[in-house]
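A look at the structure
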Amino acid sequence: MDPSVNPGEDFFEYANAGWLRRNPIPPSESAWGIGKVVREELYTNLRKINEQAVTSVSPAGSEQRKIGDFWLTAIDMAKADQLGVRPLQAELERINAAKNAQGVLDVSFALQPLGVDTLFSFSVSQDEKNSEVMSVHLSQGGLGLPERDFYFNPEQGVAHIREEYVAHIARTLKLLGREDTAAKTAATNIMSFETALAKASRKLEDLRDPVRNYNKMTSAELTKKNTPAISWADRLDAWKLHPDYVIVGQPEFFRALDNLLTATPVPVLQDYLRFHLVSDYSQYLSKEFDDEHFTFYARVLSGQHEQRSRWKRVLDSQDAAMGMIVGRIFVQQYFPATAKKRYSDLVEAIRTAYHERINHLDWMSEATRAKAQQKLKAITAKVGYPDKWKDYSALIVGTNSYCQNMMNASRWHFNDMISKFGKPVDRTEWDMTPQTYNAYYKAENNEIVLPAAAFAIPGMADAGIDDAVVYGYAGASTIGHEITHGFDDEGRQFDAAGNLKEWWTEEDATKFTKRAEVMIKQFDAYQPLPGIHINGHASLGENIADHGGVLLGLDAFKKTGQFKKGEKIAGLTPLQRFFLGYALSWLHQEQEARLRRGLLSDVHAPAKWRVIGPLANIPEFYEAFGVKTNQPMWRPADLHVRIW
Ligand SMILES: [Zn+2]
């Protein structure tokens, strides 16, 4: 804390600035805060699991052997340097062989199983309107900058990023042997091509409308109406997919893509494919590729000064490649049954609080209220780790190269994804590993998923944390936040069974939208960087979830013995400690470049505004800290957001 700051002036600073000042951002990071410190603890524990796997004598193909081989191969920088770009040779030759637009498409489709998204995005996932069925989804994609707005935003920092991006593409092509002038020309052409793709792409806020981004058609229709150059039926047949229909996110994007494919010279498209392939795998190649990737994606885009330790980056890629294998061991060692019980109970306390809140809403009709209660009751809570672990026996982990292991893992994940087509939906699956400091709500399953690592407070054993902090930290910002996602502007459009289906009366839906508009205005007015304000539309769902989460955590906390007793700890009342516990979850600071990147591409508001924004709408917060009308944290009562 920084007690010299008045909480009514800036609660984020009051709660967090003491630590933030004592713990500046290390040069090898673009941000620093509680999530990063938790991650450092996780790295230490995960490294032990890897080193134990190396020393254990395990048969080929066993999970222990996969962990050990992955680790040893990946940390071997000398081996990666010796191999250079060779692990990608077969794919690069495939690109060289493309003779026309169809040849380019052959490559683009061949790169999908490697996780290299070029031209568009493809997935097999639940049909939003029939969540019992796995279906083929096609959507806009193929950009090398994080989001559409990076190609057009006139702010000078973003304009600088565009220049640096072109220079980075040119240097990457030079590493592949291109001569200087030719590389620069090629880079400019790639940028023009991507800019055209970006122009045809929907904005971040427009991607949050699930109805507009659901366009069901047969693959033949998609070909006939939008993409005469792409025969989707044949392309999908190559993956043994014969869907009755596909769900197209943005049909106009595919129309534009088709035009671009025929209008762009083949050598430009080949360079585009080369750059994306190499860019996606740079971190697993020799130092020159790794450094070049770092220069743009970490230094320029995020403001990070130095590369992070290789072993930590290896653990990150291991998490993506085979995190569940490691996660099974991790939870046995680091997530006791008592913690699982504490947080499962907390989920139910939050659910009860929400039930009561919905009952007391003065703006909702009985018809909508009954359906909302039904949906709340039906939410599945997954706490800690999966009940059923996936079978990774088909994943091949060798000792040839780090890059090859990452390619194998991508293929494994791709095959696993397409194998789900035509089968009943497996609702036991997790989209995050247990050792992830994060959580999510998934509308199609009407579920909240809370990984074991999400509850950690660095340096504290779980049993040593008092209820006020737990209800603010885990109760409000994690559990309450995720549950509220089921009822934010997007989540509320899905019903109890996870189907995109209107269950609100028209009048209630209008009332909800009006109340949400208050929040859009509140966040639009914040300007974390001169010239760039928070995107109130794009961040609406997250802001509703933050606000709802605090209200639910608070309701639940008011029922605890600790709150009722009202005893102070360290001079702070239970209510004050609850709000400090909430602010603790956003103890975070970041470089200006990273802040800019987030404002343009992240649907979450920056950490500081996730604290001051929601709390400025909560009367108990005013009461706890004596916020006065002339202070910045104060908002007039008629401007308070009142949704849940
Ligand atoms: Zn969220």
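Notes on the structure follow. In this text, all values refer to a predicted model and were calculated from it rather than measured experimentally.

About the cut-offs
Residues numbered from 1 in each chain as written. Predicted model: local features only at pLDDT ≥ 70, side-chain atom pairs only at ≥ 80, totals over all residues. Heavy atoms only, no water. Helix = DSSP H or I, 4+ residues; strand = E, 2+ residues; numbered from the N terminus. Rg over C-alpha atoms; globule rule 2.2 N^0.38 Å. Buried < 20%, exposed > 50% of the residue type's maximum accessible area, 1.4 Å probe, protein only. Pairing = 2+ DSSP bridges. Axes fitted to C-alpha atoms, helices over the stretch in contact; angles between N-to-C directions. Core = buried A, V, L, I, M, F, W, Y, C linked by side-chain atoms within 4.5 Å. Contact = heavy atoms within 4.5 Å. Donors = N, O, S within 2.8 Å, 3.2 Å for Na, K, Ca; no water.

**A look at the overall build of the protein**
- Along the protein, the regular secondary structure elements total 25 helices and nine strands.
- Computed over C-alpha atoms, the radius of gyration of the protein comes to 25 Å, within 12% of the 26 Å expected from 2.2 N^0.38 for 644 residues, which places it in the range of a compact globule.
- For the protein, the C-alpha atoms occupy an extent of roughly 75 × 60 × 50 Å along the three principal directions.
- Within the protein, the proportion of its 644 residues that are buried is 58%.

**Notes on the sheet that holds strand 4 (residues 215-217)**
- Pairing is mixed across the open sheet formed by four strands, whose spatial order is 2-3-5-4. The sheet terminates laterally at strand 2 (120-127) and strand 4, the two strands that pair on one side only. Pairwise comparison of adjacent strand axes, ignoring direction, gives a mean angle of 30° for this sheet.
- When strand 4 meets strand 5 (residues 246-248), the two strands line up antiparallel, connected through three bridges. Across the sheet, the residue bridging to M217 is V246, located in strand 5.

**Observations concerning the nonpolar core**
- Formed by 197 residues in total, the largest nonpolar core has its most connected members in F11, F122, F579 and W644.
- The dominant element in this core, judged by the number of residues it contributes, is helix 14 (residues 310-334), at ten residues.
- Other than its neighbours up to four places away in sequence, F579 contacts F11, V550, L554, L615, I618, E620, F621, A624 and F625.

**Here we look at the coordination of the zinc ion**
- Taken together, H481 (NE2), H485 (NE2) and E542 (OE) make up the protein donors of the zinc ion, found 2.0 to 2.1 Å from the metal.
- Coordination of the zinc ion draws on donor residues from a single chain, spaced H-x3-H-x56-E in sequence. Here H481 is found in helix 18 (residues 467-485), whereas its partner E542 is found in helix 20 (residues 540-557), with 61 residues between them in sequence.
- With a relative accessible area of 12%, E542 lands in the buried category.

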